[in-house]
Amino acid sequence: MVRGYLVSALLAALVAAGPIHAQSPVVTEKSAVREGFVFPATGEVRVLLFRPDIKIGETTTAGLFQTQAEWHGAARSELVGALRAASERRGLKVSLHDEENAALTEHRALFRLVVSAAIRHKLFGRDPLPSKSGTFDWSLGSGVARIAPQADADYGLFLFSHDSFESAGRRAAQLVTALMGGANNGGAHFGYAALVDLGSGDILWLNVDLKASGDVRTPEGAASRIEQLLAGFPARAGQGQP
Amino acid sequence: MRRLLASLALAAALCGSALCSSAQAAPQVAQILPSSAGYQPSDAVEKGLWLEMDEAERQIRASKFLIDDPELNAYVKSVLCRTVGQAKCGAARIYLIRTPQFNAAMAPNGMMLVWSGLLLRARNEAELATVLGHEFVHFEKQHSLQSFRDIKAKSDAMTWLSFVPGGLLAQIGLMGSVFRFNREMEKQADMAALDYLGSSGYDPMAASQIWEQLRGEMEAQAKANKAIAQAEEGNSFFASHPNTKDRMEYLRAAARRKAPSSDSGEEQYRKAIARWWPRLIDDQVKLNDFAATEYLLSGMARGNWTADLLYARAELYRARGKPEDIKAAERFYRQSVAADAQLGESWKGLGLILLRQGKAIEGRRMLRQYLAIAPEAGDSAMIGAMAKEPGK
Amino acid sequence: MRLVPLAFSLIALLGAAMPLRAEWKALSADEDVAVAGKLMIATPKGGWNRSTAKPSARSERWTRDGLALNELTFFAGVAEGEALYFAPLMAKQDLPKFRAQMLPTEIVELFENSNRMILDSSVFAVSAVEPAKLGRFDGVRFSYTYAAQDEGLTRKGEGVAAIVDGKLYLVNFVAPAVHYFDRDISEIRQLVSSLKLRPPKPGAAK
């Protein structure tokens, strides 16, 4: 009873590929900060990094994605390490929240919906909601406080990165290329990062990078990826961009 | 949109059937079987598989579709353990999934998924043991890994699973499809599962019986709707288990060579799923799939229509709601309350069907019967209002 | 063996694969607005958007933050033999049909069963069914929870329905149980209780 979907979904996806090819999306905005948000001018900024969502693998000749377990391990430790270093430079105190509890699982699920909605209806201008014009006010609600009540942190950071290294140019890759507006850096590399207020649940900042670069399996690549994902990260009060 | 995302998560191309069925048994280096404790994946392909499966398992553990009733889980596990033996069954981690279709699958990392539609369809423990044993053999013999490697070797057109968020259906669809076994593997799993039935003392005839019933259900559906029949053939489970007639025959023949046993565990089975049965049949009735559900109910009754089965049948007819269905539903509800006067839901259904026919006075009386039995029901306020005599 | 091309997931992320492109129009706060074929008049608070894409010919859908986060659907004038929703692509079974003689609890069953099929989910439970008014007409209120296949979270919903002159009118609000449902439900209840139905005069041509 599943194949019906498979066929229809395949068709839907192929059909969808058409218009995407024809008119590349107008990327109007790839990140957003909640109106007026800055970190306090002084004092420690304590951030909890939720277990990052990482996919890494190889795009095979047929244009399909195969997970590579060893790359995955390398990417995870390099990205987390790079994030720590980048945070230190920004004067943030980051701790890793690696265990998945019920509160995190449900808020992570909600977060995915929120990010999808924000990307679709706000960033990139593809399907704008008029009520969101001039504002960025999505929230996960105050239930986020239950995720890590003991944690010594005021903010939560979600991180998502997807990397596929391709063996040859394929339809899937072409599709991605079109979505990215042209440049093909050998596979698909994209991700997003978001900062959440651990009291109110408000999304304070979201950055989506559809044309990321850098080989996240290496320290240098991971460092550059983290910088890309942290583009537009909120500043301290009274300061410019870090 | 939600629907589309779900579909996209499943979006996939089927490999050519020639490609799929061409897997040869890969030369096996002597190694620890995956059913033994401490087994670890050996190379990049297997490690990648395990990583994805572990991730899928993490999601399934948190899934809203998980039936987390500890008693029911323990029961299904105990059936597997009796079937394949205590020494081996520890390798399996069973997850019961609330989905009304017939399906079961086991991933190379030991995650075993059992859909609630299987629990509904199995009529006794031996039939459940047949399917659990079958999937366990695929796992034990590393069939998935073999076909995976083989296809990878034969073409680069392989692999799977993207990172689409959530995607429980995707994960299950993936398992039913990535691990598409060739006919020899299926037969091997069938025969080994039959051996398991024999060694654990279950009635060996159960193996052919469950397939026979499934075949019948598909045929009933096919008769009702040609298009449905085709879609049904596309069910991931059936698609990889073709030629049901053939298999029924070889299973029946092989079962005759086994020591006969009358232990099908029907009583235990009924008791074990009793608490879930109303929900399982409710899920099935609400699929709006009249022909298959009618066949299924008859297969369960086998001439002996209990109050529960009559209730389910009445609900099915009332839901379809053709004029002749209304009459039939009323009859089944009446038989149901006659068989068990404590079945509140049947009184409710009877009241509703009478009201539908304008028999208001009797209908309201039946609704009050329901309320007397189930005063705390979620719909008691509404039913109470409907049961009230006008002008009071 | 099935294969999942990687680009699909990116499409999913962007929501770029919508076959029907919806457009959204802002609704003014505290102003009356004609809804669902002008058969209902609603007075929303601020922040709502209405979609040009409809779940059926006789309905209309609103959202505040995105349909996955809050969805308010109005059905008006659903006639004998019609389904609540357009049939899903490649659907195996027909959706259940509305019947004018349906009893209040049967309307709830129609809603539940249609949604189970649309969502492909059996994790759907109706928790309370009680008498209620829709506009000035007697009807039924129901609350429910469900999980959709690909989301990993529970949603809560509440609907109010009535049959007027043999046609079904139904307003339904649904949102994730975490945060979004509770945030808006009292406002929604107020909106629904002040809703006016404008059924066509019996006998008038429709």
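For the structure itself, look to the data block above.
Quick summary incoming for the structure in this document. (Residues numbered from 1 in each chain as written. Chains lettered and ligands numbered in written order. Predicted model: local features only at pLDDT ≥ 70, side-chain atom pairs only at ≥ 80, totals over all residues. Heavy atoms only, no water.)

1. Here we look at the sheet that holds strand β3 (residues 104-106) of chain B
The strands making up a sheet associate through hydrogen bonds between their backbones, and the pairing can be parallel or antiparallel.
Residue and element names in this part refer to chain B.
Next up, step 1: With mixed pairing, three strands are arranged side by side in an open sheet as β2-β4-β3. The sheet is open, and its two edges are formed by β2 (93-97) and β3, each paired on a single side. Here the strands of the sheet are splayed against their neighbours by 15° on average, with no regard to which way each runs.
Next up, step 2: The sheet strands contacting helix α7 (residues 125-140) are β3 and β4 (111-115), and the helix crosses β3 at an angle near 25°. (Pairing = 2+ DSSP bridges. Helix = DSSP H or I, 4+ residues; strand = E, 2+ residues; numbered from the N terminus. Axes fitted to C-alpha atoms, helices over the stretch in contact; angles between N-to-C directions. Contact = heavy atoms within 4.5 Å.)

2. Here we look at the state of the cysteines
All names here are of chain B.
Next up, step 1: Inspection of every chain in the model, using the stated rule, returns one disulfide over all chains.
Next up, step 2: With its sulfur 1.9 Å from that of its partner, C81 forms a disulfide with C89. One disulfide, between C81 and C89, carries an S-S torsion of 85° and so falls in the right-handed class. Across this residue pair, the class does not change: C81 and C89 are buried. (Disulfide = S-S within 2.5 Å. Buried < 20%, exposed > 50% of the residue type's maximum accessible area, 1.4 Å probe, protein only.)

3. Some thoughts on the sheet that holds strand β4 (residues 40-42) of chain C
Residues and elements named next belong to chain C.
Next up, step 1: Pairing is antiparallel across the open sheet formed by three strands, whose spatial order is β3-β4-β12. Only two strands of the sheet have a single neighbouring strand rather than two, namely β3 (33-35) and β12 (196-197).
Next up, step 2: By the bridge criterion, three bridges tie β3 to β4 in an arrangement that is antiparallel. Looking across to β4, one finds that V33 is bridged to A42.

4. Brief notes about the pattern of salt bridges
Next up, step 1: Under the definition given, this model contains 60 salt bridges over all chains.
Next up, step 2: Here A:R120 makes a salt bridge to A:D127, at a shortest N to O gap of 2.9 Å. The pair formed by A:R120 and A:D127 is uniform in burial state, with each residue classed as buried.
Next up, step 3: Between B:R215 and B:E219 there is a salt bridge, with its nearest N and O atoms 3.4 Å apart. Remark: B:E219 and B:R215 occur in helix α11 (residues 206-224); sequence separation between them is four residues, near one turn of the helix. (Salt bridge = Lys/Arg side-chain N within 4 Å of Asp/Glu carboxyl O.)

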